[in-house]
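Below are the chains, spelled out letter by letter.
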Amino acid sequence: MDRTQSPAGFVSQEILERVHVGRDYVAAKLGFRGHWYPALLSEQISEGQVRPVQLLGERLILKRIDGRVFGIRDRCLHRGVQLSRKVECFTKDTITCWYHGFTYRFDNGLLCDIVGAPQSAVIGKKRIRTYPVQEAKGLVFVFVGDESDSLPPLHEDVPPGFLDADLAVHSHSRIVNANWRIGAENGFDSTHIFIHRKSGLIRDNDLALPLGLVPKGRGSFRTVEEAGGPKGVFDLFDPDHVTPVFTGTVGGTTVLEANAAAANALPHHISIWLPGVLCVHPWPDPALTQYEWYVPVDADHHIYLQALGKRVASDAEAKQFASEFQTRWRPVALEGFNDDDVWAREATEPFYANDTGWLREQLFEADGNIIEWRKLASRHRRAIQQPEHLL
Amino acid sequence: MDRTQSPAGFVSQEILERVHVGRDYVAAKLGFRGHWYPALLSEQISEGQVRPVQLLGERLILKRIDGRVFGIRDRCLHRGVQLSRKVECFTKDTITCWYHGFTYRFDNGLLCDIVGAPQSAVIGKKRIRTYPVQEAKGLVFVFVGDESDSLPPLHEDVPPGFLDADLAVHSHSRIVNANWRIGAENGFDSTHIFIHRKSGLIRDNDLALPLGLVPKGRGSFRTVEEAGGPKGVFDLFDPDHVTPVFTGTVGGTTVLEANAAAANALPHHISIWLPGVLCVHPWPDPALTQYEWYVPVDADHHIYLQALGKRVASDAEAKQFASEFQTRWRPVALEGFNDDDVWAREATEPFYANDTGWLREQLFEADGNIIEWRKLASRHRRAIQQPEHLL
Amino acid sequence: MDRTQSPAGFVSQEILERVHVGRDYVAAKLGFRGHWYPALLSEQISEGQVRPVQLLGERLILKRIDGRVFGIRDRCLHRGVQLSRKVECFTKDTITCWYHGFTYRFDNGLLCDIVGAPQSAVIGKKRIRTYPVQEAKGLVFVFVGDESDSLPPLHEDVPPGFLDADLAVHSHSRIVNANWRIGAENGFDSTHIFIHRKSGLIRDNDLALPLGLVPKGRGSFRTVEEAGGPKGVFDLFDPDHVTPVFTGTVGGTTVLEANAAAANALPHHISIWLPGVLCVHPWPDPALTQYEWYVPVDADHHIYLQALGKRVASDAEAKQFASEFQTRWRPVALEGFNDDDVWAREATEPFYANDTGWLREQLFEADGNIIEWRKLASRHRRAIQQPEHLL
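Residues numbered from 1 in each chain as written. Chains lettered and ligands numbered in written order. Predicted model: local features only at pLDDT ≥ 70, side-chain atom pairs only at ≥ 80, totals over all residues. Heavy atoms only, no water.

A.B. asks: Describe the interface of chain A and chain C, and please don't skip the residues or the numbers.
C.D. replies: With 38 residues of chain A in contact, the opposing surface of chain C contributes 35 residues. Buried surface at the junction of chain A and chain C, summed over both partners, amounts to about 3000 Å²; 59% is from carbon and sulfur atoms. In this assembly, chain A and chain C are joined by three salt bridges. Scanning the region where chain A abuts chain C turns up 13 residue pairs in polar contact (both at pLDDT 80 or more). (Contact = heavy atoms within 4.5 Å. Buried area = accessible area lost by both parts, 1.4 Å probe. Salt bridge = Lys/Arg side-chain N within 4 Å of Asp/Glu carboxyl O. Polar contact = N/O pair within 3.5 Å; in protein donor to acceptor, adjacent residues only side chain to side chain.)

What follows is the structure, given as structure tokens:
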């Protein structure tokens with residue numbers, strides 16, 4: 001393959017050789033392979049329902065059967081058509097290709113029948129790819145890796161504490177027109193809060209959100225890299241590590257004033273974890289934690305899956321939180337406030353779309369945590385999605 | 001030219017080298033050159049009318065002059081603009097370019113005048129490409145080949161019998177968003193009938209259409225390759241050669257039942273012919289034959305030209321057939337029934353669009369006739385449309 | 001870089017090597033660098049107003065500050081986003097990036113502040129590109145070149161006389177979907193007037209516009225190449241140099257008659273000047289001159305900026321001309337008449353879009369002035385816009 005040319009969605013070798021920090025991260029335009037990703041909210045796939053999704057460039061089809069969700073590749077072996085274009089499930093645990101009747105089991109991918117050619121020698125001999133699926137906290141996690149991979153535990157691929165029994169979680173999901181890394185860096189970036197200064201959430205929740213948060217040095221973030229646990233980078237937002245800026249000046253003149261005297265100084269820390277999930281704590285309220293996944297769909301789209309977690313001690317508390325999530329946090333925080341981030345990512349995408357942005361960007365001191373994240377991700381990613389994985 | 005890169009619409013050498021059966025067919029993304037193709041219905045171009053068409057990636061302009069249709073390239077020699085963008089015919093047998101007045105004769109392509117520069121030395125010295133045209137059975141056939149080619153007789157490029165004097169023919173035409181080979185293989189494919197099982201035509205015409213037709217071996221099709229005649233492959237649909245499947249099972253359970261007891265067991269045979277035309281006999285009625293051309297327009301479009309033929313013994317019979325065609329066969333068969341095929345082709349196109357589908361598909365026993373067609377077409381095609389033909 | 005592949009908007013070396021006349025002109029798909037281009041009408045940018053424009057593939061942002069227009073690159077140094085996506089000017093002479101608060105001065109491009117990170121070491125150390133701007137005759141001219149270039153005087157980049165004190169000028173501007181060279185050659189082409197034969201302007205203004213103007217030889221145009229002045233090519237439209245054709249024939253039969261007896265034989269000469277501006281004199285009236293710029297926007301768009309000039313001796317004459325421009329010349333000439341040219345350019349673009357048109361076109365005698373223009377432009381262009389200028 002010509003070094004200067006790359007299949008759509010992949011970074012050329014010529015560019016990668018010029019990346020000196022976080023090269024594997026830059027290479028992972030379609031994401032890190034061998035990890036768990038939330039593809040759907042559990043409530044989006046009810047018993048018997050079939051749902052197509054695209055993850056890391058691969059198309060798959062999910063079905064809930066007797067309560068459990070199964071996933072297989074959404075591409076018939078025979079002629080390559082998408083099974084999901086016209087769903088034909090003659091039995092609950094199979095799907096039949098609408099074109100020539102090739103029928104696959106959801107549990108093991110086996111080509112178990114061909115309606116219309118029942119004596120074919122290929123029946124029982126071929127398999128379609130399957131994808132391990134696991135549900136937790138109301139999310140449907142899919143493992144996108146090789147079938148020969150030993151399956152890592154889910155807790156290694158989510159922020160610490162996310163799976164805790166007393167954490168009630170409610171989520172929201174949409175597609176954003178930007179690469180997943182643009183999403184991740186927008187979320188973890190400590191000076192982008194400038195764009196949120198007029199948000200209703202700040203006012204209504206009496207938040208002391210500064211115009212910028214400037215780290216005092218390399219010690220203001222710390223990495224978590226213990227074997228067997230999640231791998232991530234922490235930003236520490238206490239006065240020892242970070243200078244919050246509430247007054248904006250241009251040419252010596254004050255042009256903006258954020259409310260430093262507001263009641264709630266949030267968050268205390270922000271962290272980002274492989275394979276691409278943010279944790280903001282506490283946020284958007286002293287009793288809540290916000291989690292955000294940036295799940296690669298293809299080269300220029302990601303699923304922006306936002307979750308809010310709250311420690312609850314009783315069913316009544318859980319019920320109360322469920323109600324507040326729907327009436328308050330989803331519209332005001334996950335949509336209202338974070339809509340500015342969605343807009344920012346889509347406006348950033350063009351600069352990075354042809355991959356030269358990684359060479360042309362000019363990061364500054366406050367981006368130290370981003371550099372750390374790129375290095376950590378390059379160091380601990382299990383694998384990188386490559387062109388051959390899409391064939 | 002870099003081997004891994006190909007002009008749009010052409011298959012790379014790298015892929016072709018990995019194709020072991022029917023390589024020339026796979027290479028013919030824009031069709032086989034040196035053949036006759038039906039571009040229009042005769043009724044679509046009346047006396048004096050000018051019609052632009054695109055065939056095998058080439059744009060041409062047709063005009064009917066004194067009853068006869070002529071074709072020239074739809075591109076002025078001077079600045080390359082399409083003559084058809086603004087038709088200027090100052091005399092009946094010429095067309096003048098709207099931009100600088102270059103005027104061409106339809107019969108021989110000669111640059112015979114330049115309105116506005118009548119003394120130019122190039123007048124009478126240059127020619128635009130002409131395309132031989134022949135009308136038969138209400139279709140306008142165009143020969144797309146080199147001007148130096150000796151012109152093959154039309155009867156070599158249509159199914160046997162199509163030109164018979166007693167065959168009345170009526171046709172219908174539309175553009176489909178898929179490569180012409182996807183069209184051809186959808187039509188000739190003996191198990192795709194699975195998609196037609198709910199068609200109104202089956203019910204209304206009391207057709208015993210099975211869910212699949214499985215050949216009993218290589219003897220269930222036969223090729224026709226006599227010199228001087230059409231070249232094609234026959235599927236034989238009698239009980240000695242093919243097993244019709246009327247009962248569909250999944251995991252041992254019956255899930256579908258086609259009507260094996262219906263009155264009409266159609267068709268008896270299906271055949272496909274160079275340069276890409278199907279013959280289904282009898283169909284959709286014991287007295288009719290269906291012909292279908294998949295005419296390459298560009299890399300991802302073909303003209304789907306459907307014709308029904310009926311042997312008629314009198315003007316009254318011909319008139320009766322003309323009326324039935326309009327009121328019954330066109331809406332119910334050519335549209336209603338075959339609309340499912342159009343949908344299937346457009347759903348199949350993405351897998352083959354970047355040419356890797358030919359390497360990734362997994363054909364099975366029932367596709368033996370498709371393999372035979374690819375081999376026959378590779379063996380008998382006159383030439384392959386290449387990038388230089390579009391310059 | 002592979003010789004057969006070029007970044008979008010640039011001509012491959014393989015094609016350029018096959019161009020024998022005017023190679024640098026063919027290479028200048030995105031225009032000639034190091035020249036002045038009119039980007040806007042002065043009236044389109046009022047005091048304090050910010051306007052994004054794209055020139056030669058570069059995006060810039062203009063602002064009028066205390067009467068003067070300044071231009072900087074419309075791309076934040078930090079993350080590459082367009083400043084114009086959400087304009088934030090906290091002081092009149094700066095613009096602040098909406099994303100992270102990077103603030104730039106319009107006069108020198110200095111990164112003078114980062115709102116939210118006021119102590120950053122990069123403040124005062126980095127600069128964004130600036131673009132010299134000069135206003136004349138109601139047009140905002142921008143110099144697109146290297147910052148190290150010594151700035152050429154504006155009068156070298158406009159037709160002779162355009163800056164004369166007694167010339168009143170009114171202008172009109174729009175975007176055309178064609179490369180700038182297609183625009184320039186459409187304007188300078190002496191036989192394209194064929195397309196204007198039915199224009200209302202010809203009739204209403206009693207113009208003796210022929211169907212074609214055929215040069216009598218190489219002496220019918222002359223180049224202007226004095227050092228320190230504008231560089232251009234003149235077409236001479238007097239009877240000694242050019243044969244006007246008023247009668248159109250096809251096959252010996254008269255098919256068209258232009259009005260040779262009309263009162264006004266216009267124009268007397270047409271000339272074209274670097275970096276791509278036409279002068280038609282007199283036109284569309286014996287007392288007027290038409291100027292037309294074809295300003296490269298990107299590979300397949302140009303700004304078509306039309307200006308009419310008239311020598312005026314008093315304010316009253318100037319006022320009268322201003323009124324006539326709005327009520328008569330703009331709608332009838334700049335729009336009505338020249339709309340045909342816009343249409344022609346957009347219809348010509350596809351043939352040249354992949355750059356092979358320059359090899360396939362077949363110019364004839366009457367295109368001698370076009371050849372001369374391509375050679376002159378190649379000889380005197382200051383530089384050629386290259387891929388690296390867009391990084």
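Next, the rest of the story.
A.B. asks: Could you give an account of the pattern of salt bridges, naming the residues involved and the relevant values?
C.D. replies: Residues and elements named next belong to chain C. Using the criterion set out here, one finds 63 salt bridges over all chains in the structure. Between Arg 382 and Asp 157 there is a salt bridge; the shortest N-O distance is 3.1 Å. Pair noted here: Arg 382 is in the loop between helix H7 (368-380) and strand S23 (383-384) and Asp 157 is in the loop between strand S11 (139-144) and strand S12 (167-176), with a separation of 225 residues, a long-range link. Assessed through its relative accessible area of 1%, Asp 157 is described here as buried. (Helix = DSSP H or I, 4+ residues; strand = E, 2+ residues; numbered from the N terminus. Buried < 20%, exposed > 50% of the residue type's maximum accessible area, 1.4 Å probe, protein only.)

A.B. asks: Describe the relation of the copies chain A and chain C, naming the residues involved and giving the relevant values.
C.D. replies: Superposition of the two copies of the chain requires a rotation about an axis and a shift along the axis. Laying chain A over chain C is done by rotating through 120° and shifting 0.0 Å along the axis; what remains is an RMSD of 0.1 Å. Within this description, the copies of the chain are treated as partners about a three-fold rotation axis. Mapped onto chain C, only 5% of the interface residues of chain A again fall at the interface, so the copies present different surfaces. (Least-squares fit on C-alpha atoms with pLDDT ≥ 70 in both.)

A.B. asks: Report on helix H3 (residues 180-188) of chain C, specifying residues and quantitative values.
C.D. replies: The buried count for H3(C) comes to nine of nine residues, which makes it a mostly enclosed element. Along H3(C), the positions that sit buried rather than exposed are C:Trp180, C:Arg181, C:Ile182, C:Gly183, C:Ala184, C:Glu185, C:Asn186, C:Gly187 and C:Phe188.

A.B. asks: Tell me about the interface of chain A and chain B, residues and numbers included.
C.D. replies: With 35 residues of chain A in contact, the opposing surface of chain B contributes 38 residues. Buried area between chain A and chain B, summed over both chains or domains, comes out near 3000 Å², and the portion from carbon and sulfur atoms is 58%. Counting across the chain A and chain B interface gives three salt bridges. As a salt-bridge pair, A:Arg79 and B:Glu361 come within 3.5 Å of each other at their nearest N and O atoms. Residue assignment for the side of chain A that touches chain B shows that the elements contributing at least two residues are strand S6 (94-96), strand S7 (102-105) and strand S8 (111-114) of chain A. When its residues are assigned to classes, the side of chain A that touches chain B shows 16 nonpolar, 11 polar and eight charged. (Nonpolar A, V, L, I, M, F, W, Y, C, P; charged D, E, K, R; others polar.)

A.B. asks: Can you explain the sheet that holds strand S7 (residues 102-105) of chain B? Please cite residues and give values.
C.D. replies: All names here are of chain B. Here three strands make up an open sheet; going across it, the order is S6-S7-S8 and the pairing antiparallel. This sheet does not close on itself; its edge strands, each paired only once, are strand S6 (94-96) and strand S8 (111-114). Sheet twist, expressed as the average angle between the axes of neighbouring strands with direction ignored, equals 25°. As judged from the three bridges shared by S7 and S8, these two strands associate in the antiparallel manner. Bridge pairing links Thr 103 to Asp 113 in S8. (Pairing = 2+ DSSP bridges. Axes fitted to C-alpha atoms, helices over the stretch in contact; angles between N-to-C directions.)

A.B. asks: Just give me the short version of the packing of aromatic side chains, but keep the residues and values in it.
C.D. replies: In the structure shown here, the tally under the stated rule is 54 aromatic pairs over all chains. With 4.9 Å between their ring centres and 10° between their planes, B:Trp98 and B:Tyr99 make a pair best called stacked. For B:Tyr99, a relative accessible area of 3% puts it in the buried group. Through a chain of ring-to-ring contacts, three or more aromatic side chains come together here, namely A:Tyr25, A:Phe32, A:Trp180, A:Phe351, A:Tyr352, A:Trp358 and A:Trp373. Residue placement shows C:Arg129 over the ring face of C:Tyr131; its charged tip is 4.2 Å from the ring centre. (Phe/Tyr/Trp six-rings, centres within 6.5 Å; stacked < 30°, edge-to-face > 60°. Lys NZ or Arg CZ within 6 Å of the ring centre and 35° of its normal.)

A.B. asks: Residue-level account of the sheet that holds S6(A), with values.
C.D. replies: Residues and elements named next belong to chain A. Strand order in this open sheet of three strands is S6-S7-S8, and the pairing throughout is antiparallel. With one partner strand each, in any of the chains shown, S6 and S8 form the two edges of the open sheet. Taking the axes of each pair of neighbouring strands and ignoring which way they run, one obtains an average angle of 25° across the sheet.

Honestly, it's all geometry; don't read function into it.
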